[in-house]
Amino acid sequence: MEVVSENICYGGVQGVYKHASTACQCDMTFAVYLPPQAKVQKVPVLWFLSGLTCTHENAMTKAGAQAWAAKYGVALVFPDTSPRGEGVADDDAYDLGQGAGFYVDSEQKPWAPHFNMWTYVTEELPKLVVAEFAILAEKQGITGHSMGGHGALTIAMTLPDRYTSVSAFAPIANPAASDWGRKQLGAYLGADEAAWAPHDASLLMAEHGFHAPVLIDQGTADNFYDLLKPQALADAIIARKQAASFRMQSGYDHSYFFIQTFMEDHVKFHAKLLK
């Protein structure tokens, strides 16, 4: 693991690191924030999965999460959103290819063998950060924004023994029924829509839900509202009788200004469940 940078931040350390990924068969960059409490003991960890076009850097610099992570004693991990580099397939569209991994393991060419973000985020990178940093493997929460909210919800509901807590900001909630989903799931997984269901938060919620309360924030002025399809997820939560707070935030859009505003609520939410 190569140290790209490390900076003191709110008494902790914000680092950026690079390593050779087996899952993605390329070099991958990720960021870890260790709060000051990690100097004396291992701490819980909150994963933040970013959205379309983002790298590890967007949430690291724009979400305002470090202040609250330091206050509540939680580490943060910011993975990249896709494999990158020479020889990695890409597309001219911003919502497919590099920057748009959708947190699935691709089975279709040209995306296989590099686009294996599910395995990378759930298996390879957790093993690395637990081995290298003062992080408690048994205390993991996960959140994300947009495409990353989709990833956080689907991963947590599929692997409930791994994740203690889950939340999301404006998630792509029903990708199997949206243009933000059908295109990408078809490209990565193939035409059989049955293979898409394990990567649809609304379908997973209706099928088995999550073992702990869920927190979701959605802006009413989100310019991608129709693509996100929050109504499908809200309906599934009600039908499942899932313990949840689904908050419609008046006037907020899809930007990191929205995320900054409610980031403390999410970090505090996870910290309470993780501790």
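Above this note sits the structure.
Residues numbered from 1 in each chain as written. Predicted model: local features only at pLDDT ≥ 70, side-chain atom pairs only at ≥ 80, totals over all residues. Heavy atoms only, no water.

This part is about the sheet that holds strand β4 (residues 43-49). In spatial order, the strands read β1-β2-β3-β5-β4-β6-β7-β8-β9; together these nine strands make up an open sheet with mixed pairing. For this open sheet the edge positions go to β1 (2-9) and β9 (244-249), each flanked by a neighbour on one side alone. Neighbour-to-neighbour, the strand axes of the sheet open up by a mean angle of 20 degrees, direction not taken into account. In terms of strand pairing, strand β8 (residues 214-219) meets β9 through six bridges, oriented parallel. Residue pairing for β9: D217 is matched across the bridge by R247. Docked against the sheet, helix α4 (residues 147-158) engages β4, β6 (135-144), β7 (165-169) and β8, running at close to 135 degrees with respect to β6. Contacts from helix α8 (residues 230-240) reach β8 and β9 within the one sheet, and its direction differs from that of β9 by about 150 degrees. (Pairing = 2+ DSSP bridges. Helix = DSSP H or I, 4+ residues; strand = E, 2+ residues; numbered from the N terminus. Axes fitted to C-alpha atoms, helices over the stretch in contact; angles between N-to-C directions. Contact = heavy atoms within 4.5 Å.)

Quick look at the side chain of T81 now. With respect to the secondary-structure elements, T81 resides in the loop between β5 (75-78) and α3 (117-132). Within the structure, T81 has its side chain in polar contact with the backbone oxygen of C54 (distance 2.6 Å). For T81, the side chain forms a polar contact with the side chain of R84, separated by 3.4 Å. Setting aside its immediate chain neighbours within four residues, T81 contacts S50, G51, C54, G99, A100, G101, F102, Y103, M117 and M147. (Polar contact = N/O pair within 3.5 Å; in protein donor to acceptor, adjacent residues only side chain to side chain.)

What follows covers the pairing of β8. Counted residue by residue, β8 has six buried out of six residues, so it is predominantly covered. Neither face of β8 is left uncovered, since the one carrying V214, I216 and Q218 and the one carrying L215, D217 and G219 both have all their residues buried. Across four bridges, β7 lies against β8 in parallel orientation. Paired with V166 across the bridge in β8 is V214. (Buried < 20%, exposed > 50% of the residue type's maximum accessible area, 1.4 Å probe, protein only.)

What follows covers the environment of A206. Inspection of the secondary structure assignment puts A206 in helix α6 (residues 201-207). In this structure A206 comes out as partly exposed when scored by relative accessible area, which is 48%. Excluding anything up to four places from it in sequence, A206 contacts A236 and R240.

A few words on the layout of surface pockets. A probe matching the size of a water molecule, rolled over the atoms, marks out where space remains unfilled. Space inside the largest pocket adds up to approximately 150 Å³. Forming the boundary of the largest pocket are G51, L52, T53, C54, Y94, H145, S146, W180, F224, H254 and Y256. Of the residues belonging to the lining of the largest pocket, the class tally is six nonpolar, five polar and no charged. (1 Å grid on protein atoms, 1.4 Å probe; cavity = no way out; pocket = protein on both sides within 12 Å on 5 of 7 lines; lining within 4 Å. Points joined across faces, edges and corners; volume = space filled by probe spheres on them. Nonpolar A, V, L, I, M, F, W, Y, C, P; charged D, E, K, R; others polar.)

As for its placement among the helices and strands, H199 is situated in the loop between α5 (179-189) and α6. A relative accessible area of 11% places H199 in the buried class. Residues in contact with H199, not counting those within four places in the same chain, are Y103, V104, W118, H150, T154, P175, L185 and L189.

With that settled, consider α4. An α-helical segment advances 3.6 residues per turn. Residues three or four places apart therefore align on the same side. Here α4 spans 17 Å end to end across 12 residues, near enough to the 16 Å set by a 1.5 Å rise per residue. Looking only at α4, the buried set comprises M147, G148, G149, H150, G151, A152, L153, T154, I155, A156 and M157. (Expected span 1.5 Å × (residues − 1).)

We now examine the pattern of salt bridges. Tallied over the entire structure, the rule returns seven salt bridges. The salt bridge involving E123 is made with R162; its shortest N-O contact spans 3.1 Å. With E123 in helix α3 and R162 in the loop between α4 and β7, this pair connects stretches of sequence that are 39 residues apart. Relative accessible area serves as the criterion here: at 32%, E123 is assigned to the partly exposed category. Relative accessible area serves as the criterion here: at 24%, R162 is assigned to the partly exposed category. Across the salt bridge formed by D265 and R247, the nearest N and O atoms sit 2.9 Å from each other. One end of the pair, D265, is in helix α9 (residues 256-274); the other, R247, is in strand β9, with 18 residues separating them in the sequence. Salt bridges here are not isolated pairs; linked through shared partners, they connect D217, R247 and D265. (Salt bridge = Lys/Arg side-chain N within 4 Å of Asp/Glu carboxyl O.)

Geometric descriptors of this kind do not, in isolation, establish any biological role.
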